[in-house]
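# Structural overview
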Amino acid sequence: MSTDGLFLGTDRGDAEYRAAMKQAIDAVLDVVADREDPYSGAAPDALSESLGDPVVPEEGRGLETTLDEVAERVLAHSVDPSNPRCGAHLQCPPMVPGLAAEALLSATNQSLDSFDQAPAATVVEERVVDALCDLFDLPREADGVFTSGGTQSNFQALLLARDRYCARQFDRDVQNEGLPPEADSLRVLCSAEAHFTAKQAAHHLGLGEDAVVTVPTDGDRRMEPDALETTLAALRDRGAAPFALVGTAGTTDFGSIDPLDALADSAAEHGLWFHVDAAYGGALAVSDEYGDLLEGLERADSVAVDFHKLFYQPISCGALLVRDGGTFRWMARNAAYLNPEADDDRGVPNLVAKSVQTTRRFDALKPYVAFRTLGRSGMAALVERTLALADEVAELLGSADDFELLGDPTLNAVVFRYRPHEGMTDEETSRLNAAVRRELLADGRAVVARTEVDGATSLKLTLLNPTATLEDVGAILEAVRDCGTTVSGTREVAA
Ligand SMILES: *Cc1c(COP(=O)(O)O)cnc(C)c1O
């Protein structure tokens, strides 16, 4: 096999690239435009079987054939988040500006770990970060970095919080010396509804998941400020060392937003690093109508925001912002081949020192292109439309006899149960909804999520798609009813 046609910058390579991109685009449009249902319904075994051939054949089959195969065997059995009847998770329909940006950034392959691998890209990321700090009303000293998403942003925020605290409290340089002897006493607080990555981060940071103390929530699933104070007092009495408070702006199931202002008060009073996990709800910052829901976020020490959720960018794309850019020093290091200290003195931007990654994608280009294309108001309109739809859907579910709405939506997640008969017990309803969800996935007409609410299986719609209408959601609910009838006629519910 020669290099002929494989690389850009050669006549054959450039022509192959153009042809392959066209073929790839056509294949995507076939799936999105021509397939009616959001999923084929194929089961895992069937998917594996349909891939057939060995992954690594002795002789290559050529790109055109391979792409055709991928279209048929993979794309045709992918879930289609652009379909308005796909409304399960925080998996957004990617917008066209973001897809164009993705094509540009992958083909040019800039790597953000050093200026000489990504000169213009480095500056674009810095400018996008500045714009985000402005959007969230963070002060001038604020800074940030792009991440793979909320998981990485939350981890990194707690890493900075831990190391600053250990330096101040125990005079310990964690980067060089590891955790201090007092590490067992370190605690992170978050609400009982916070994302699991707070616990995961505590594990990865060597503190263990038990270092995360969950604070009870109110009827709207928001952290209760009084309960936070009580919890903090109890921790102090026991000699524990709480160092960080995580507020959530948009919990994954209900989209609830903690009372950020009250949390910021507590954090200030008790000397805690205040991190806001706004992976889901951060997009409200672009909206005049809903921006107030984030009040208090501007007081955060750090903010996690995801662009691959309510900002409609292709996966993966997130950012961590910090109130004081100087706090990145807790993880900074200088590598002779990437960012020698002499370069810092000469003002060469150095993003590798702010990231837990080394080689890093130019994901900042996606929100850059999206914001430039649509403007703040255009982005706001998308988010606002989905929140309005969620309210309409909640009303529809609330008035239906056979559905039970579990709480009014704050963002665009709607949690509910299918309960066709008045007399059904909670346990029967839970089993029925689990069975309905399984049947729906095999049916393919609608993609709906399942979640546990107070121990009972429930259904969830995350209505991210701005093109979805109430009629589309009506069709999803019809599919739920049909699947309910199907599984009620089988023994599956009893199993
Ligand atoms: C999605 C989400 C995360 C995890 O982020 P990833 O982008 O999946 O890594 C964390 N917290 C919240 C609130 C989320 O919605």
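Residues numbered from 1 in each chain as written. Predicted model: local features only at pLDDT ≥ 70, side-chain atom pairs only at ≥ 80, totals over all residues. Heavy atoms only, no water.

### Notes on the overall build of the protein
Defined as follows: Every helix listed is a DSSP run of H or I at least four residues long, and every strand listed is a run of E at least two residues long, numbered separately from the N terminus. Only protein chains enter the accessibility calculation, which uses a 1.4 Å probe; a residue is then buried when its area is under 20% of its type maximum, exposed when over 50%, and partly exposed in between. Residue contacts are counted whenever heavy atoms from the two residues lie within 4.5 Å of one another. Values of accessible area rely on a 1.4 Å probe in the Shrake-Rupley scheme; residue burial ignores everything except the protein chains shown. In this tally, Lys and Arg are treated as positive and Asp and Glu as negative; His is ignored, and so are the chain termini. To locate a charge, take atom NZ for lysine, CZ for arginine, CG for aspartate or CD for glutamate.
If you tally the helices and strands in the protein, you get 14 helices and eleven strands. In terms of overall dimensions, the protein has a C-alpha envelope of 70 × 65 × 45 Å along the principal axes. Looking at the protein residue by residue over its 495 residues, the buried ones come to 50%. Considering only intrachain contacts with a sequence separation of at least 6, the fraction spanning at least 24 residues in the protein is 70%. Total accessible area computed for the protein in this model is approximately 23200 Å², and 50% of it derives from carbon and sulfur atoms. Here the protein carries 42 positive and 84 negative side-chain charges, and the mean point of each set is 2 Å from the other.

### Brief notes about helix α4 (residues 96-108)
Applied cut-off: Given a helix with a known number of residues, its expected span is that number minus one, times 1.5 Å. Along the arc lie the directions from the helix axis toward the C-beta atoms.
The end-to-end C-alpha distance of α4, which contains 13 residues, comes to 18 Å, matching closely the 18 Å that a straight helix rising 1.5 Å per residue would cover. For α4, every residue scored as buried is listed here: Pro97, Gly98, Ala101, Glu102 and Leu105. Considered in projection along α4, the buried side chains sweep an arc of 135° and stay on one side of the axis. Opposite the buried face of α4, at more than 90 degrees from it, the exposed residues are Val96 and Leu104. On the buried face of α4, the contacting elements are α12 (365-399). At the C-terminal side of α4, Asn109 shows a positive phi close to 55°.

### Quick notes on the domain arrangement of the protein
Here is the rule we go by: The split into domains, and so the bounds of each, comes from an automatic or database assignment of domains.
Here the protein is described as being made up of domain 1 (1-77), domain 2 (111-361) and domain 3 (375-490). Centre-to-centre separation of domain 1 and domain 2, based on C-alpha positions: 39 Å.

### Focus on the pattern of salt bridges
Note the following rule: Any Lys or Arg side-chain nitrogen located within 4 Å of an Asp or Glu carboxyl oxygen qualifies as a salt bridge.
For the structure shown, the criterion picks out 32 salt bridges. Residue Asp163 is joined to Arg162 by a salt bridge in which the shortest nitrogen-to-oxygen separation is 2.7 Å. Grouping residues by exposure puts Asp163 and Arg162 together as buried. In this structure, Arg481 and Asp402 form a salt bridge, with 2.6 Å as the shortest nitrogen-oxygen distance. Of this pair, Arg481 sits in helix α14 (residues 470-488) while Asp402 sits in the loop between α12 and β8 (403-405), and the two are 79 residues apart along the sequence. Judged by its relative accessible area of 23%, Arg481 is partly exposed. The buried category is assigned to Asp402, whose relative accessible area is 15%.

### Points about the environment of Leu464
By secondary structure assignment, the location of Leu464 is in the loop between β11 (456-462) and α14. Sequence separation between Leu464 and Asp391 is 73 residues, and the spatial gap between their C-alpha atoms is 13 Å.

### Let's talk about the site of the ligand
For clarity, the threshold we go by: For this purpose, a residue is taken to be near a molecule or strand whenever a single non-hydrogen atom of the residue falls within 4 Å of it. In protein, a polar contact means a hydrogen-donor-capable atom and an acceptor-capable atom, both N or O and within 3.5 Å, with residues adjacent in sequence counting only if both atoms are side-chain atoms; elsewhere, any N or O pair within 3.5 Å suffices.
In the region of the ligand, 15 residues are neighbours, and Thr151, Asp277, Asp306, His308 and Lys309 sit closest. With respect to the ligand, the backbone of Gly150 contributes an N or O atom lying 2.9 Å from an oxygen atom. Contact between the ligand and Asp277: a nitrogen atom at 2.6 Å from a side-chain N or O atom of the residue. The protein chains hide 86% of the 380 Å² of surface that the ligand would expose on its own.

### As for the packing of aromatic side chains
Going by this rule: Two rings from Phe, Tyr or Trp (for Trp, the six-membered ring) form a pair when their centres sit within 6.5 Å of each other. Planes less than 30 degrees apart are called stacked, planes more than 60 degrees apart edge-to-face, and all others tilted.
Per the stated rule, a full pass over the model turns up seven aromatic pairs. Their ring planes at 40° and their centres at 6.0 Å tell us that Tyr165 and Phe243 sit as a pair that is tilted. Remark: Phe243 occurs in strand β4 (residues 241-248) and Tyr165 occurs in helix α6 (residues 150-170); sequence separation between them is 78 residues. By relative accessible area, Tyr165 is classed as buried at 13%. On the basis of relative accessibility, which here comes to 1%, the residue Phe243 falls in the buried class. Judged by centre distance (4.9 Å) and plane angle (45°), the ring pair of Phe307 and Phe311 falls under tilted. With respect to class, Phe307 is no different from Phe311; both count as buried. Taken together, the ring pairs connect Phe146, Phe307, Phe311 and Phe371 into an aromatic cluster.

### Section: the pairing of strand β7 (residues 318-322)
Every other side chain in a regular strand lies on the same face of the sheet, so the side chains alternate between the two faces. Stated formally: Note on pairing: two strands pair once DSSP finds at least 2 bridges between them.
Where burial is concerned, most of β7 is hidden: five out of the five residues are buried. By the bridge criterion, five bridges tie strand β1 (residues 143-147) to β7 in an arrangement that is antiparallel. When the sheet's bridge partners are listed, Val145 is paired in β7 with Leu320.

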